[in-house]
There are 2 protein chains.
Amino acid sequence: MGEFELLARIRERLPATPAHVLLGSGDDAAVTSTPGATATSVDAVVDGVHFHRSQATLAQIGHKALATALSDLAAMGAAPGEAYVVLGVPSDLDEDDCIDLLDGMLALVETTGTVLAGGDLTRATQLFLAITVVGHAASPDAFVSRAGARPGDALVLTGEVGGAAAGLALLEDPLLERQVPSAASLKARQLEPHPRLGAGRALALAQASAMIDLSDGLTGDAAHIAEQSGVNLRIEGNAVPIATGADTVLAATGEDGLEQALGGGEDYELLAAIPPARLDQARRAVRDAEGIALTTIGEVVAGEGVEIRLPGGGLLKPTRGFDQLT
Amino acid sequence: MGEFELLARIRERLPATPAHVLLGSGDDAAVTSTPGATATSVDAVVDGVHFHRSQATLAQIGHKALATALSDLAAMGAAPGEAYVVLGVPSDLDEDDCIDLLDGMLALVETTGTVLAGGDLTRATQLFLAITVVGHAASPDAFVSRAGARPGDALVLTGEVGGAAAGLALLEDPLLERQVPSAASLKARQLEPHPRLGAGRALALAQASAMIDLSDGLTGDAAHIAEQSGVNLRIEGNAVPIATGADTVLAATGEDGLEQALGGGEDYELLAAIPPARLDQARRAVRDAEGIALTTIGEVVAGEGVEIRLPGGGLLKPTRGFDQLT
């Protein structure tokens, strides 16, 4: 496969570059000029670690890699700006395969208003993508970090959790599909996550004090906010919306369905702390932006750590989870 | 290996974050606020493709990965700003090895004034690094692209070429060391390249009209400027400074030493087009910035492509080279 030839085919497919990106792919660097502040995040996914080529199409792999990177911008309340993509290409991927992967990203580039402004291609033994995304805001304090949650804030969650974990279970054991009619939508939650960029900006405008996207799971990511804000998060397990059928699928794998849904990663919903007086505004804005619910699932109190009250009356005190490099 | 534990060790080693980086590693994204324009470039290197762990220390691998990324900023005339590092960690690398790799980068971070503002760690079967660098300038037109060379411009080169190619030959065949007393410095050119950030800014200030860093080799990279500027580059082979001993080592590998030095990649010197009236200013500024020579090696004329006059009287007309994904 020729690098210049593939690059030429890729450039042909890129939409026209908007005015603030003055020099796109093809020079030593991309040049941008955007007033205000920027939020930058990098994310890498590797075949066999973060996805399996047997379980997803190349377009889905491309989509998800970009979606999970953009989800970090959503968690900052940033407006998406530019994306830069490094693609590690194994020898069994041909040029058309690379274009399929790119097309999965381009669909999301278009719906989110992101500009694919540059990248790099390299040979690799294993397919990998490393994606840098840059988001913008009028000023640095318009971004929402993980560190601002204060006692008295309400704890809110966009959408539903557990769907992506159930989708993964279904991909790994197709016999589980008999358990639920919602199997297709659960698998879509795993394979084609949606970055909550509109909800993130709505929550930032509504003065959310801290925010994170759920990549590791509600229990694990809540612990990040608790630690970085120096507060205790009290969550009512009963109040957490679970994706339809997710607990059934997860229970069928042998462990407690609800606990798995609460701990299961990759839903890419947003968890935020917000002053109660702003709740109504935030709820309306999130519905207007994405047509999804914003649910109050608990509160921020003084202290440390995370406590989740289970429906049976028990208390779940998650740690940050098994510390393993993935 | 624990991801959180390794991240904690990495963060301990990072220098204090300057004022314009408002939120560094550890949140969903890094937040920066810098007026003017930005240049952004991404570069990936993979074990077995761009380096071999048997030939370089981990610190050298880290240094070179960051140096080659920063070299793209040098080629824009940008002031270095932030770097974001993705590290793919194979199972035979332990935590101390990752810290060695990081330390190779941190030394360069310090000498160049770059801020390591974020990153991602992942498991991989093969060691890889994907590095995003962001540079700054007062305005977009302060950057130098590849596309502005005009007939009448002089063609100038920083430093010397051929050293990195000779260094690679020495690493692959240690018996060649007998050929030259400069073997150690040639290997250093291959293993520890230096991004010409000071020279790049000096050339930008001196109104260079086009610039590129020599990653693929003088002949190949000159072709990029010729193509993107729509001009012909005439280079006097005799005028090109060759690293001491490089042609001897390269000739000993069986091919013409000079032609290999002209075509050999990874020197990361800068090739620029510049109006002749600015030559003296540029030469002084490059010497002041980096203590190296700026040599006029040819001129820009109307037409297309690259012509290199060889000392024997022959004419070398390089194409962009063998188009192979590496």
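Every chain is numbered on its own, with residues counted from 1 as its sequence reads. Each chain is given a letter, starting from A, and each ligand a number, starting from 1, according to the order in which they appear as written. Where local features are concerned, this predicted model is filtered to residues with pLDDT of at least 70; where side-chain atom pairs are given and counted, the filter is 80 or more; whole-chain, interface and lining totals use all residues. Side-chain descriptors were evaluated using all non-hydrogen atoms of the structure, hydrogens and water having been removed beforehand.

Draft legend 1. Broad picture of the nonpolar core. All names here are of chain B. Residues Leu66, Leu129, Ile131 and Leu203 are the most contacted members of the largest nonpolar core, which totals 65 residues. In DSSP terms, a helix is any run of H or I states spanning at least four residues, a strand is any run of E spanning at least two, and both are numbered starting from the N terminus. The leading source of residues in this core is helix H2 (residues 58-74), at 9 residues. With residues near it in sequence (within four places) discarded, Leu129 still touches Asp43, Ala44, Val45, Ile61, Ala65, Val85, Val86, Leu87, Leu101 and Met105. By nonpolar core is meant a set of buried Ala, Val, Leu, Ile, Met, Phe, Trp, Tyr and Cys residues that side-chain atoms within 4.5 Å join together. Throughout this description, buried means an accessible area under 20% of the type-specific maximum (1.4 Å probe, protein chains only), exposed means over 50%, and partly exposed covers the range between. Two residues form a contact once any of their heavy atoms are found within 4.5 Å.

Draft legend 2. Focus on the relation of the copies chain A and chain B. Superposing chain A onto chain B takes a rotation of 180° plus a shift of 0.0 Å along the axis, which leaves an RMSD of 0.0 Å. Put plainly, the chains are arranged around a two-fold axis. For this overlay, a least-squares fit was computed on C-alpha atoms, restricted to residues scoring pLDDT of at least 70 in both copies.

Draft legend 3. Broad picture of helix H10 (residues 279-290) of chain B. Residues and elements named next belong to chain B. The first and last C-alpha atoms of H10 sit 16 Å apart over 12 residues, in line with the 16 Å expected at 1.5 Å per residue. Leu279, Ala282, Val286 and Glu290 are the residues of H10 that are buried. Looking down the long axis of H10, one finds its buried residues gathered within 60° of arc, a one-sided arrangement. In H10, the exposed residues that point more than 90 degrees away from the buried face are Arg284 and Asp288. In the core, the buried residues of H10 are packed alongside strand S7 (154-158), helix H6 (197-205), strand S10 (270-274) and strand S11 (294-301). Gly291, located one to two residues past H10, shows a positive phi value of around 70°. Here a helix's expected span is defined as the number of its residues, less one, multiplied by 1.5 Å. Each C-beta atom gives one direction from the helix axis, and the arc is the one those directions make.

Draft legend 4. Expanded view of the sheet that holds S10 of chain B. Residue and element names in this part refer to chain B. The strand order across the open sheet formed by 7 strands is S8-S10-S7-S11-S9-S12-S13, and the pairing between neighbours is mixed. Looking at strand neighbours, the two that pair on one side only are strand S8 (210-213) and strand S13 (315-316), the edges of this open sheet. Across 4 bridges, S8 lies against S10 in antiparallel orientation. Each residue of the ladder has a partner; that of Ile212, found in S10, is Leu271. All axes here are fitted lines through C-alpha atoms, helices being fitted over the stretch that makes contact, and every angle between N-to-C directions spans 0 to 180 degrees. Where H6 meets the sheet, it contacts S7, S8, S10 and S11, and its direction lies at approximately 5° from that of S10. Packed on one face of the sheet, H10 meets S7, S10 and S11 and runs near 145° to S11. Note on pairing: two strands pair once DSSP finds at least 2 bridges between them.

Draft legend 5. Quick peek at the side chain of His136 of chain A. Residues and elements named next belong to chain A. Residue position: His136 is located in strand S6 (residues 128-137). Exposure remark for His136: the relative accessible area of 12% places this residue in the buried category. Separated by 3.2 Å, the side chains of His136 and Glu82 make a polar contact. Excluding residues within four positions of it along the chain, His136 makes contact with Thr34, Ala37, Thr38, Ala78, Ala79, Gly81, Glu82 and Phe143. Distance and chemistry together define a polar contact, namely a pair of N or O atoms within 3.5 Å, with one atom able to donate a hydrogen and the other to accept it when in protein, and with adjacent residues in sequence counting only for side-chain atoms on both sides.

Draft legend 6. The arrangement of the pairing of strand S12 (residues 305-309) of chain A in detail. All names here are of chain A. Pairing of strand S9 (residues 232-236) with S12, which is carried by 5 bridges, proceeds in the parallel orientation. Within S12, the position partnered with Asn232 by the bridge is Gly305. Inspection of the sheet shows S12 paired to strand S13 (residues 315-316) by 2 bridges, in the antiparallel sense. Each residue of the ladder has a partner; that of Ile308, found in S13, is Leu316. Where S12 folds back onto S13 in an antiparallel hairpin, the turn is made up of 5 residues, including Gly313, whose phi is positive at roughly 105°.

Draft legend 7. Structural context of empty space enclosed by the protein. Every definition here rests on a 1 Å grid over the protein atoms only: cavities are sets of points where a 1.4 Å probe fits but cannot get out, pockets are open sets enclosed by protein on both sides within 12 Å along at least five of seven lines, and lining residues have some atom within 4 Å of a point. Grid points are joined across faces, edges and corners, and a volume is the space filled by probe spheres set on the points. In this structure the tally under the stated criterion is 2 cavities of 30 Å³ or more. Of the pockets and cavities examined, the largest cavity occupies roughly 200 Å³. Around the largest cavity sit 19 residues that line it, and Thr32, Thr38 and Val134 of chain A together with Thr38 and Val134 of chain B are the ones nearest its centre. Put simply, the parts of the chain that give the lining of the largest cavity at least two residues each are strand S3 (37-46), strand S4 (79-89) and S6 of chain A together with strand S3 (37-46), strand S4 (79-89) and strand S6 (128-137) of chain B. Its residues assigned to classes, the lining of the largest cavity shows 4 nonpolar, 13 polar and 2 charged. Reported here for the second largest cavity is a volume of approximately 40 Å³. Lining the second largest cavity we find Val42, Tyr84, Val86, Ala130, Ile131 and Thr132 of chain A together with Val42, Tyr84, Val86, Ala130, Ile131 and Thr132 of chain B. When residues of the lining of the second largest cavity are traced back to their parent elements, those giving at least two are S4 and S6 of chain A together with S4 and S6 of chain B. When residues are sorted by character, Ala, Val, Leu, Ile, Met, Phe, Trp, Tyr, Cys and Pro go into the nonpolar class, Asp, Glu, Lys and Arg into the charged class, and all the rest, Gly among them, into the polar class. In terms of residue class, the lining of the second largest cavity is made up of 10 nonpolar, 2 polar and no charged.

Draft legend 8. Representation of unusual backbone geometry. One non-glycine residue with positive phi stands out, namely Glu266 of chain A, at about 70°. On the secondary structure map, Glu266 of chain A appears in the loop between helix H9 (257-263) and strand S10 (270-274). Of note in this structure, Tyr268 of chain B is not a glycine but carries a positive phi near 55°. Among the secondary structure elements, Tyr268 of chain B is positioned in the loop between helix H9 (257-263) and S10. The exposure class assigned to Tyr268 of chain B is buried, which follows from its relative accessible area of 8%.

Everything listed here is a matter of geometry and, on its own, says nothing about what the molecule does.
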